[in-house]
Amino acid sequence: MRVHACSLMWGTAWERYGHLFAQTFHMWDESIDLTLVTDNSIPFFTRPKFVYLKDIPGYTHFKEQWEEHPVKVFVPDQHQWKYDAMKWVPQAVTPHYVISKSKWKDGDIFVWLDADTTFHGLIDQEWIEKVLDGHDVACLQRKPVHTEIGFYALRLNDKTRSAMKRFHDYYVNRTVFDLKEWHSAFVWDAAIDADRSITINNLNKTNDKTHVFPLSILAEKIIHNKGHRKPGGG
């Protein structure tokens, strides 16, 4: 069994906060590989395998469809992020593409990390297993609010592979527009919830519905500089 990490840096992410991710990634045990998806060359030389957004068919297909037939809703500015589908599609198509193109075995663990995370403690296979605690998925659920998906871990099997395919398909097939909200966290929940046999370790042991990351086991080793916590603000 191996652990595989994956993150996404595109646009100005490297300059704003991605470089801090890179500077602290040495806290991850050397047995854990990193796949980094980006839209340009970045000076992260230590460990990642690079994948480029333009090479992900789901992204290019959605981008072309969006440019030809954009779908927008008119809502107050503070809620526009919920419906900016073009902004969120990279987070949806990347996991399925990376998993499907890699020769990883069932039982391996896929860990998603937002690029605005930094690390301050040794992260090894044993700790990731502790986070999963024997489940198919470990994540920060905040029901009835959407899950915080700055981090999630999947034990690779037919169920979790299919869930990431559903996540991908919502955007590529444009069925995302049938959902109440179009942002990646809401759609991720829909993809996971479609299979009730998936076992989930909810890392949010509180009743909090806001920034639950620092209240969880993840805070032992990871900081999520979410939103306005990003260097220079969100």
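A short tour of the structure in this document, coming up.

Remarks on unusual backbone geometry
Here the amide bond leading from K143 into P144 is cis, since omega sits at 10°, within 30 degrees of zero. Residue position: P144 is located in the loop between β6 (137-142) and β7 (145-155). For D133, which is not a glycine, the phi torsion comes out positive at approximately 55°. Relative to the elements of secondary structure, D133 occurs in the loop between α4 (125-132) and β6.

Comments concerning the pattern of salt bridges
Overall, the coordinates contain 9 salt bridges when judged by the stated rule. Notably, a salt bridge pairs K54 with D55, separated by 3.4 Å at the nearest N-O pair. Between E129 and R155 there is a salt bridge, and its shortest N-O distance comes to 3.3 Å. A residue pair is termed long-range when its members are at least 10 positions apart, and E129 in helix α4 and R155 in strand β7 qualify at 26 residues. Its relative accessible area of 27% is what places E129 among the partly exposed residues.

Details of the packing of helix α2 (residues 57-68) against helix α3 (residues 85-101)
Running from amino to carboxyl end, α2 crosses α3 at an angle of 155°, the nearest separation of the two axes being 8 Å. Taken as axis vectors, α2 and α3 run roughly antiparallel relative to one another. Relative to α3, the crossing made by α2 is right-handed. Here α2 contributes P57, G58, Y59, F62, K63 and W66 to the contact with α3, which in turn contributes A85, M86, V89, P90, V93 and Y97. Here the contact of α2 with α3 is composed, by residue class, of 10 nonpolar, 1 polar and 1 charged.

The rules we used
- Residues numbered from 1 in each chain as written.
- Predicted model: local features only at pLDDT ≥ 70, side-chain atom pairs only at ≥ 80, totals over all residues.
- Heavy atoms only, no water.
- Helix = DSSP H or I, 4+ residues; strand = E, 2+ residues; numbered from the N terminus.
- Salt bridge = Lys/Arg side-chain N within 4 Å of Asp/Glu carboxyl O.
- Buried < 20%, exposed > 50% of the residue type's maximum accessible area, 1.4 Å probe, protein only.
- Axes fitted to C-alpha atoms, helices over the stretch in contact; angles between N-to-C directions.
- Parallel < 35°, antiparallel > 145°, perpendicular 65-115°, else oblique.
- Left-handed = near helix turned anticlockwise from the far one by under 90°.
- Contact = heavy atoms within 4.5 Å.
- Nonpolar A, V, L, I, M, F, W, Y, C, P; charged D, E, K, R; others polar.

Bear in mind that shape data such as this cannot, by itself, settle questions of function.
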